[in-house]
Amino acid sequence: MQWAVDMAKISSRGEIVETSGELPSLGTTAPDFVLRRADLSAVTLSHYAGSRLVLNIFPSIDTPTCAKSVRQFNVRAAAMPNTKVLCVSADLPFALSRFCGAEGIDNVETASVYRAPEFGREYGVYMAEGRLGGLLARAIVVCDEQGTIIHRELVPEIAQEPDYDAVAASLA
């Protein structure tokens, strides 16, 4: 597979970081993926066929902003009919499970890219350089029931939360 050559620029506490490409375009089918759940079983895009899907992509569950986004989507997911939220990071599945268990998070699902480095490149969120090199940039991708992208956001500053209201509006 050929990786995108265009790169998006974001910042991490003032340091400019380039991602591996651009987020997939609105109106296109989301790239398929094979990620790992907490029990190490595979989860793919097709698991969500017939449901709307919010991909909450972030660097690491063990950072304050990432943890906030998972908590926030956990609360909001209950009010989003026929919608699943999948929180995706490079954390090991065990860390994601530990966090969700300790926080009582049960309205969202988690998945790790630890066996799927291509996810970050295909979604244009892989940060190859900088102090967070090797992790994923903070982004949101929302798909309709057929897997078509209806909303996307690459958060311009890693420490900034995504626009939750824009996600809700895309699902209204």
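Remember, predicted model here, so these are calculated numbers, not experimental data. (Residues numbered from 1 in each chain as written. Predicted model: local features only at pLDDT ≥ 70, side-chain atom pairs only at ≥ 80, totals over all residues. Heavy atoms only, no water.)

**Looking at the packing of aromatic side chains**
For step 1, the next point in the chain: In total, this model carries four aromatic pairs according to the counting rule given.
For step 2, the next point in the chain: Considering the side-chain rings of F119 and Y123, the 4.4 Å spacing of their centres and the 20° angle between planes classify their relative orientation as stacked.
For step 3, the next point in the chain: For Y123, a relative accessible area of 0% gives the class buried.
For step 4, the next point in the chain: Three or more aromatic residues joined by ring pairs form one cluster here, namely F33, F119 and Y123.
For step 5, the next point in the chain: Above the ring of Y126, the side-chain terminus of R121 is found at 4.3 Å from the ring centroid. (Phe/Tyr/Trp six-rings, centres within 6.5 Å; stacked < 30°, edge-to-face > 60°. Buried < 20%, exposed > 50% of the residue type's maximum accessible area, 1.4 Å probe, protein only. Lys NZ or Arg CZ within 6 Å of the ring centre and 35° of its normal.)

**Section: the nonpolar core**
For step 1, the next point in the chain: L35 and F119 are the most contacted members of the largest nonpolar core, which has 29 residues in total.
For step 2, the next point in the chain: When contributions to this core are tallied by element, the ones reaching two or more residues are β5 (52-57), β6 (83-89) and β8 (139-143).
For step 3, the next point in the chain: In contact with L35, other than residues within four places in its own chain, are S41, A42, V43, L86, V88, A111, S112, V113, A116 and F119.
For step 4, the next point in the chain: Grouped together as the second largest cluster of nonpolar side chains are 21 residues, A67, V85, I105 and V142 included. (Core = buried A, V, L, I, M, F, W, Y, C linked by side-chain atoms within 4.5 Å. Helix = DSSP H or I, 4+ residues; strand = E, 2+ residues; numbered from the N terminus. Contact = heavy atoms within 4.5 Å.)

**So, the environment of E22**
For step 1, the next point in the chain: Tracing the sequence through the fold places E22 in the loop between β2 (15-18) and β3 (34-36).
For step 2, the next point in the chain: Put simply, E22 and M7 are 15 residues apart on the chain and 5.9 Å apart in space, counted from C-alpha to C-alpha.

**Some thoughts on helix α1 (residues 64-77)**
For step 1, the next point in the chain: Its 14 residues place the ends of α1 20 Å apart at the C-alpha level, agreeing with the 20 Å of an ideal helix rising 1.5 Å per residue.
For step 2, the next point in the chain: When we look at burial in α1, the residues that qualify are T65, C66, A67, S69, V70, F73, N74 and A77.
For step 3, the next point in the chain: Against β5, β6, α2 (93-103), β8 and α4 (164-171) lie the buried residues of α1. (Expected span 1.5 Å × (residues − 1).)

**Focus on the pairing of β2**
For step 1, the next point in the chain: The pairing of strand β1 (residues 9-12) with β2 spans four bridges and is antiparallel. Among the inter-strand pairings, S12 is bridged to a residue of β2, identified as E15.
For step 2, the next point in the chain: The hairpin turn running from β1 into β2, its antiparallel successor, is two residues long, and R13 in that turn takes a positive phi close to 55°. (Pairing = 2+ DSSP bridges.)

**Looking at the pattern of salt bridges**
For step 1, the next point in the chain: Applying the stated criterion across every chain yields a total of five salt bridges.
For step 2, the next point in the chain: The partner of R37 in a salt bridge is E109, with the nearest N and O atoms 3.6 Å apart. Residue R37 is located in the loop between β3 and β4 (42-44), and its partner E109 is located in strand β7 (residues 109-112); the two are separated by 72 residues in the primary sequence.
For step 3, the next point in the chain: E109 gets classed as partly exposed once you look at its relative accessible area, which sits at 26%. (Salt bridge = Lys/Arg side-chain N within 4 Å of Asp/Glu carboxyl O.)

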